[in-house]
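Below, each chain spelled out in residue letters.
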Amino acid sequence: NNPDSFWTQGIGRYNKYIYFSIDITEENFDEVIYTYIDERGRLKEKRLCSGNLDDGICEKKKTFRSGEWDLNLQINDEAGNSIGVPVNFVVE
């Protein structure tokens, strides 16, 4: 429900933190994952949320190492449908 404002990045020394707050309206919600290519060129997949959400919100704080990050955030339902959104940021 909030594709343009579902994440923010910390400021200053908190620059390594990415705060996700995803508003989801899906009766058959399954999980939220993000994928990225690691420094060895391998595809990595991490789960942000699964199962029941608190008032339809998936909230997580994740820490990232220095560098440029190109993530693909994906919301999946139990029927196998999904929607993906790119997330790009730099950690200094």
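The present account deals with the structure reproduced in this document. (Residues numbered from 1 in each chain as written. Predicted model: local features only at pLDDT ≥ 70, side-chain atom pairs only at ≥ 80, totals over all residues. Heavy atoms only, no water.)

A separate point is the pattern of salt bridges. Throughout the structure, instances matching the rule amount to 3 salt bridges. A salt bridge links R42 to D38, with the shortest nitrogen-to-oxygen separation between them at 3.4 Å. Residue R42 is classed as partly exposed on the basis of its relative accessible area, which comes to 40%. In this structure, E39 engages R65 in a salt bridge whose closest nitrogen and oxygen atoms are separated by 3.1 Å. Of the two residues, E39 sits in the loop between β3 (29–37) and β4 (43–50) while R65 sits in the loop between β5 (57–63) and β6 (67–77), which places them 26 residues apart along the sequence. By relative accessible area, which is 62% here, E39 ends up exposed. (Salt bridge = Lys/Arg side-chain N within 4 Å of Asp/Glu carboxyl O. Buried < 20%, exposed > 50% of the residue type's maximum accessible area, 1.4 Å probe, protein only. Helix = DSSP H or I, 4+ residues; strand = E, 2+ residues; numbered from the N terminus.)

Turning to the sheet that holds β4, a few remarks are in order. Pairing in this open sheet of 4 strands is antiparallel, and the strands run β4-β3-β6-β7 from one edge to the other. Each edge of the sheet is formed by a strand with only one pairing partner; in this case those strands are β4 and β7 (82–91). Strand-to-strand twist in this sheet, taken as the mean axis angle between neighbours without regard to direction, amounts to 25 degrees. For β3 and β6, the ladder comprises 6 bridges, and the chain directions are antiparallel. In the strand pairing of β6, T35 is matched with N72. (Pairing = 2+ DSSP bridges. Axes fitted to C-alpha atoms, helices over the stretch in contact; angles between N-to-C directions.)

Bringing the state of the cysteines into the picture now. Enumeration over the complete set of coordinates arrives at 1 disulfide. One disulfide bridge connects C49 with C58, the sulfur atoms lying 1.8 Å from each other. Its S-S torsion of approximately 85 degrees makes the covalent link between C49 and C58 right-handed. Of the two residues, C49 and C58, neither departs from the other in class, the shared state being buried. (Disulfide = S-S within 2.5 Å.)

We now examine a negative patch on the surface. A surface patch of negative charge is lined by E26, E27, D30 and E78. Along the polypeptide, E27 turns up in the loop between β2 (17–23) and β3. E27 gets classed as exposed once you look at its relative accessible area, which sits at 82%. (Patch = residues over 30% accessible without salt bridge, like charges linked within 9 Å, V, L, I, M, F, W, Y side chains within 5 Å. Areas by Shrake-Rupley, 256 points an atom, 1.4 Å probe, with all protein chains shown as cover. Lys, Arg positive; Asp, Glu negative; His and termini not counted. Charge placed at Lys NZ, Arg CZ, Asp CG, Glu CD.)

Without other data, these values stay purely geometric and don't point to any function.
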